[in-house]
Amino acid sequence: MALLDATTNTTITTLRYPEHDYSVISKQHGWAEQHPDMWWQDLCHATKLLIQETQISPRDIGGIGITYQMHGLVLVDRDHKALRPAIIWSDGRAVNIGKRAFHDMGELFCLENLLNSPGNFTTSRLKWIKDNEPHIYERTYKFMLPGDYIAMKMTGEICSTVSGISEAILWDFQKQKVSQEILNYFELDKELVPDLQPTFSIQGNLTHQAAYQTGLHPNTPFTYRAGDQPNNALALNVMRPGEIAASSAESGVVYGIVDTPKYDPKSRVNSFAHVNYEEQNGIGVLLCLNGAGKQYNWLKHQIAVSGRNYEDMERIASTIPVGSDGLCVLPFGNGAERILEDRNINSHILNLDFNRHTRGHVFRAALEGVAFSFVHGVNVLKEMNIDVDIIRVGNEDMFRSEVFAMTLATMLDCQVEQVDTNGAIGAARGAGIACGAYKNLEEALRSIKPKAIYEPRLNYMMCNQAYNYWYSNLEKILYELPNQSSRPERLKQINFNLKKEIEKRDQDLATVSLKLNEKDELLEDIKNRLARIGSSENTAHDIRRLIMSIDQQTDKQKDWQHFQEKFDIIHSDFFKKLKKKHPKLSPSDAKLCSLIKLNLTTKEMANQLNLSVRGVETRRYRLRKKFDLSKSLSLDEYLETI
């Protein structure tokens, strides 16, 4: 929580409450829930502490802004009461729902319109509720993001923003409205979607009840809300293309700005409407690393000597050379990683030498491992043609480590600017825009200056060598030694991809066959027409030569061989096996077999073979006789076995 003086554009005070992280309810493996009323109670207590500490008059507070954890799901009834605990960002129950939607709705449609796979996000989680807790779904009046719930508790109004709805994967960037297609696919009632307000606007006023609970003044305008990552970018004045906001608390985040819709075909990153989307078409491309700071926190509690803090760990790590003397840490121990295409490979400490490596080596290798994960992520952004000119970070989390920040700056050959700010200060600045404390967004962000600048000062060759070793180990884990827990899902994905590839090749093959037939028909028609025209003696010689040339092009035997080669590539030497099993089969019968194998209709086969539908049926009957098939086995089923 932060209190900002708009006249001097300075921070009066910041407050962290509660000081500990929230506990998570996990009734089943992969689930993560929290009760939203707990958030509200702590916010009320924190605002009273802030007023008590600063002795400020609540009447002097001109506007309220909030930032919140993204992608959560809160359900309320008509009395605005939460119907169940909130499903929070780290919950994994809707992964398969999102994957099916991505496939069924069409990957290209989802990427071009939603800029994302429906994935394990808010709308997919609402579908999970509909399917698994129908009694809750039937009582639901509105669904909300966590920030929308807090805003409702303050103002009594239920609404959201385009930025918020886009992080739920419910905004159609092509049509510039809530996506009816995804609502229809999930069979969700559009009435459940909250009304939308501009990100910077008066979205309600503090109710008397909320004022009593928070210690604030009634009717104080509520003027800004944004998810934690878009808001963090605002706090760091990351609003233009080429600028990157980064953070590395429990998870690590890289958040780049673009002004045209961009998406990753592999869905390793996610694109959402930025806070300036309505004014400047800003889109934030977000890459998340689930491990990052959580890994370093684990090391502090499990490996560091009792009583050590992060400053002690940094001092020890700084005595170790770049590359940690060959020790390598992969920091992916906090569930499936989007950047790894939703694979869960867990964390790994590699190349540990008991005679050589110390705690300091582990600390530095862990810092380098997270930095290398960021580099890997930024490379994904570069694949999408997103420029990375500058990286801005806050004064919290792992970027307080010079080892970590310098490694990142050196590997990316850019400046890492550390700004003395945090998300609460950013939300306060956002609130000041709509309530009139600032003329515009530019004025609100004008005073933001870097507190420290990290430049590429480490030995690049040593850093790059360490990164290449780290990356080779990552590839080995991903492709050669898949984790047991992820193997079934990985095999399913591989089989799914292979099936799609076979379907595509079947379509290509059918297209080749159709084109060959069309070409023959076209040339045959041209030949006949020219033959008629050629009755004139003056042109007869030239016409005959043209017909001869066309005849040479209409080499059906050559085309048939080409077709056979293509078909054998896709269907594992089908013609060779067929010929071995039935050596006396004629070429025309072999071609009919291939068309049956392609699942063409009788009419389509008739067009291919220049036969009537009746003629194809007769040929099929004779073919059954040649194969001596029993009545219980169809010709199609028999050819599937070859």
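Above this text sits the structure in question.
Residues numbered from 1 in each chain as written. Predicted model: local features only at pLDDT ≥ 70, side-chain atom pairs only at ≥ 80, totals over all residues. Heavy atoms only, no water.

### Overview of the overall build of the chain
From N to C terminus, the chain includes 26 helices and 22 strands. Taking the intrachain contacts of the chain between residues at least 6 apart in sequence as the baseline, contacts between residues at least 24 apart amount to 73%. For the chain, the accessible surface area stands at approximately 31,300 Å², while carbon and sulfur atoms represent 48% of it. (Helix = DSSP H or I, 4+ residues; strand = E, 2+ residues; numbered from the N terminus. Contact = heavy atoms within 4.5 Å. Areas by Shrake-Rupley, 256 points an atom, 1.4 Å probe, with all protein chains shown as cover.)

### A closer look at the packing of aromatic side chains
If you walk through the whole model with that rule in mind, you get 16 aromatic pairs. Where Phe627 meets Tyr638, the ring centres are 5.2 Å apart and the plane angle is 45°; that geometry is what we call tilted. Here Phe627 is found in helix α25 (residues 613-627), whereas its partner Tyr638 is found in helix α26 (residues 635-640), with eleven residues between them in sequence. By the burial criterion, Phe627 is buried, and Tyr638 matches it. Its end group placed over the ring of Trp31, Arg93 keeps NZ or CZ at 3.8 Å from the ring centre. Across from the ring centre of Tyr310, 5.5 Å away, lies the NZ or CZ of Lys300, which sits over that ring. (Phe/Tyr/Trp six-rings, centres within 6.5 Å; stacked < 30°, edge-to-face > 60°. Buried < 20%, exposed > 50% of the residue type's maximum accessible area, 1.4 Å probe, protein only. Lys NZ or Arg CZ within 6 Å of the ring centre and 35° of its normal.)

### Some remarks on helix α16 (residues 423-434)
Helix length check: α16 (twelve residues) gives 18 Å between terminal C-alpha atoms against 16 Å at 1.5 Å per residue, within 8%. In terms of burial, α16 is largely enclosed, as nine of its twelve residues are buried. Turning to α16, its buried residues are Ile425, Gly426, Ala427, Ala428, Arg429, Gly430, Ala431, Gly432 and Ile433. For α16, the capping residue at the N-terminal end is Asn422, with a side-chain oxygen 3.1 Å from the backbone nitrogen of Ala424. Once α16 finishes, Gly436 follows within two positions and takes phi at roughly 90°, a positive value. (Expected span 1.5 Å × (residues − 1). Polar contact = N/O pair within 3.5 Å; in protein donor to acceptor, adjacent residues only side chain to side chain.)

### A few points about unusual backbone geometry
That bond from Tyr17 to Pro18 is cis: its omega, -10°, falls within 30 degrees of zero. Along the chain, the position of Pro18 falls in the loop between β2 (10-14) and β3 (33-34). Residues other than glycine seldom take positive phi values, yet Asn9 does so here, at roughly 55°. Tracing the sequence through the fold places Asn9 in the loop between β1 (2-5) and β2. Accessibility expressed as a relative area gives 14% for Asn9, which makes it buried. Of note, Asp628 is a non-glycine position whose phi angle comes to about 55°, a positive value. Within the secondary structure, Asp628 is located in the loop between α25 and α26.

### Some thoughts on the nonpolar core
The biggest cluster of nonpolar side chains holds 129 residues, and the ones touching the most others in it are Leu170, Phe374, Ile391 and Phe399. Broken down by element, the residue count for this core peaks at 13 residues, all from helix α14 (residues 359-383). Residue contacts for Ile391: discarding those within four places in its chain leaves Ile244, Ala246, Leu408, Leu412, Cys414, Gln415, Val416 and Glu417. Grouped together as the second largest cluster of nonpolar side chains are 29 residues, Leu3, Ala46, Ile64 and Ile150 included. (Core = buried A, V, L, I, M, F, W, Y, C linked by side-chain atoms within 4.5 Å.)

### What to know about helix α22 (residues 574-581)
Taken as a whole, α22 has its buried residues at Phe574, Phe575 and Leu578. Down the axis of α22, the sector holding all buried residues measures 90°, keeping them to one side. Exposed side of α22, more than 90 degrees from the buried face: Lys576 and Lys580 are the residues found there. (Arc of directions from axis to C-beta.)

### Details of the sheet that holds strand β16 (residues 270-273)
Judged by pairing direction, the sheet is mixed, and its seven strands sit side by side in the order β16-β17-β15-β14-β20-β21-β22 without closing on themselves. Pairing within the sheet leaves two strands with one partner each, and these edge strands are β16 and β22 (450-454). With direction set aside, neighbouring strand axes in the sheet form an average angle of 25°. Pairing of strand β20 (residues 390-393) with strand β21 (residues 415-419) involves four bridges; the strand directions are parallel. Note that in β21 the partner of Val393 across the bridge is Gln418. On the sheet, helix α10 (residues 228-235) packs against β14 (243-248), β15 (252-258) and β17 (283-289) and is oriented at approximately 120° with respect to β14. (Pairing = 2+ DSSP bridges. Axes fitted to C-alpha atoms, helices over the stretch in contact; angles between N-to-C directions.)

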